[in-house]
Amino acid sequence: KDKGRFSSKVVRVLLLHGWAGNAGVIERMTRRLCRRLKDLVDFVIPSAPISLPPLESPPPPPRRGRPNARAWFVYNMDNPSDTNGFLQMSTVKYYKWEESVRHLHKICKDEGPFDGIMGFSQGAAAVHLLLQGHFERIFTKFRFRFVVLAAGFAGSGCGKGWSHKIEIPSLHFSGDADTTVPPCHQ
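This one's a predicted model, so the numbers in the text were calculated from it and none came from an experiment.

Trainee: I'm lost on the sheet that holds strand 2 (residues 41–44) in this one. Help?
Mentor: Pairing between the strands of a sheet is mediated by backbone hydrogen bonds and can be parallel or antiparallel. The strand order 2-1-5-6-7 describes an open sheet built from five strands, whose pairing is parallel. Lying at the two open borders of the sheet, with one neighbouring strand each, are strand 2 and strand 7 (170–173). The average undirected angle you get between the axes of adjacent strands in this sheet is 20°. Against the sheet, helix 3 (residues 97–111) makes contact with strand 1 (11–16) and strand 2, and its axis sits at roughly 160° relative to strand 1, the strand it touches most.

See below:
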C-alpha cells in the first residue's frame, strides 16, 4: 500500500441506532464491523433520548419485548409505539424531534468532533433530516465530512420546501430482505 494515500489517523463516527433500539442493540448488531475497523474507526454510539413504552403483548421467550426501547422521534403522540403506515403518509410530523436534536448537539459538543455520521433505519432518517438543514442553526459548528445511511428512508416532506442538495459524500446501503423498510423506500 502507498503510505501517502492512507492516513494513520483514526476516523471518528457518530452512529445512530434504529427505531426501538438503543446503544446496546446497535453495538451488538455492528460488533463484527466495529471489531474489523477498530484500528481505523472510533464509533461513538449514543442511545436516543425518547423512551418508548413496552409492547402491550410482548413476544414469547427468548425474545422479551423491547427493554429500554428508544427512538429519535415518534409519529403519534397519543400512541408513541404506533408506526403504522409511516412510509405512506403524505405529511409526517416528527414529534419530539427537537429533543433529539438537542441531545445530538450535546453529544457533538461534548464528545466531538466527528468525521462522519452513520445511521441505521430510523437513525438514517434522523441523519437525513439533520443533513437536509432541519434545525441546521444548532449544528453550524459541527460539520461532518461524510455520511453512511443503512436501511434508511428519506424524511417525509423533504421534497417540499427543504430539499437542498447534501454537499458531503454519502454511502447508502439497502437490503432486499428488509421487512421494515422495503427497498423502494430506502
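Trainee: Even after reading the chapter, I still don't get the pairing of strand 5 (residues 116–120), so can you show me in this structure?
Mentor: Along a regular strand, successive side chains alternate from one face of the sheet to the other. In terms of burial, strand 5 is largely enclosed, as four of its five residues are buried. In terms of strand pairing, strand 5 meets strand 6 (residues 146–150) through five bridges, oriented parallel. If you follow glycine 119 over to strand 6, its bridge partner there is leucine 149.

Trainee: I'm lost on helix 4 (residues 122–131) in this one. Help?
Mentor: Given 3.6 residues to a turn, an α-helix orients residues that are three or four positions apart in the same direction. Among the ten residues of helix 4, ten are classified as buried, and the element is accordingly described as predominantly covered. Restricting attention to buried positions, one finds in helix 4 the residues Gln122, Gly123, Ala124, Ala125, Ala126, Val127, His128, Leu129, Leu130 and Leu131. On its buried face, helix 4 sits against strand 1, strand 4 (70–71), helix 3, strand 5 and strand 6.

Trainee: It is not clear to me how the packing of aromatic side chains should be interpreted in this structure. Could you clarify?
Mentor: Geometry of an aromatic ring pair is reported as the spacing of the ring centres plus the angle between the planes. Taken as a whole and assessed by the stated rule, the structure comprises four aromatic pairs. On the numbers, 6.1 Å between centres and 40° between planes, the contact of tryptophan 19 with tyrosine 75 is tilted. Taken as a pair, tryptophan 19 in the loop between strand 1 and helix 1 (23–29) and tyrosine 75 in the loop between strand 4 and helix 3 lie far apart in primary sequence, 56 residues in all. Taking the centre distance of 5.5 Å and the plane angle of 90° together, the rings of phenylalanine 73 and tyrosine 75 count as edge-to-face.

Trainee: For this particular structure, what's the right way to read helix 3?
Mentor: The first and last C-alpha atoms of helix 3 sit 21 Å apart over 15 residues, in line with the 21 Å expected at 1.5 Å per residue. For helix 3, every residue scored as buried is listed here: Trp97, Ser100, Val101, Leu104, His105, Ile107 and Cys108. For helix 3, the angular spread of buried residues about the axis comes to 160°, placing them on one side. Turned more than 90 degrees away from the buried face of helix 3 sit Arg102, Lys106 and Lys109, all of them exposed. Turning to helix 3, the residues buried within the fold contact strand 1, strand 3 (50–51), strand 4 and helix 4.

Trainee: How should I be thinking about the confidence of the model for the chain in this particular structure?
Mentor: Any segment with low pLDDT has predicted coordinates that should not be analysed in fine detail. Model confidence for the chain is summarised by a mean pLDDT of 78, while 66% of its residues fall at 70 or above. The low-confidence segment residues 1–6, where pLDDT is below 50, has one contact with residues more than four positions distant or belonging to other chains.

About the cut-offs
- Residues numbered from 1 in each chain as written.
- Predicted model: local features only at pLDDT ≥ 70, side-chain atom pairs only at ≥ 80, totals over all residues.
- Heavy atoms only, no water.
- Pairing = 2+ DSSP bridges.
- Helix = DSSP H or I, 4+ residues; strand = E, 2+ residues; numbered from the N terminus.
- Axes fitted to C-alpha atoms, helices over the stretch in contact; angles between N-to-C directions.
- Contact = heavy atoms within 4.5 Å.
- Buried < 20%, exposed > 50% of the residue type's maximum accessible area, 1.4 Å probe, protein only.
- Phe/Tyr/Trp six-rings, centres within 6.5 Å; stacked < 30°, edge-to-face > 60°.
- Expected span 1.5 Å × (residues − 1).
- Arc of directions from axis to C-beta.
- pLDDT = per-residue confidence, 0-100.

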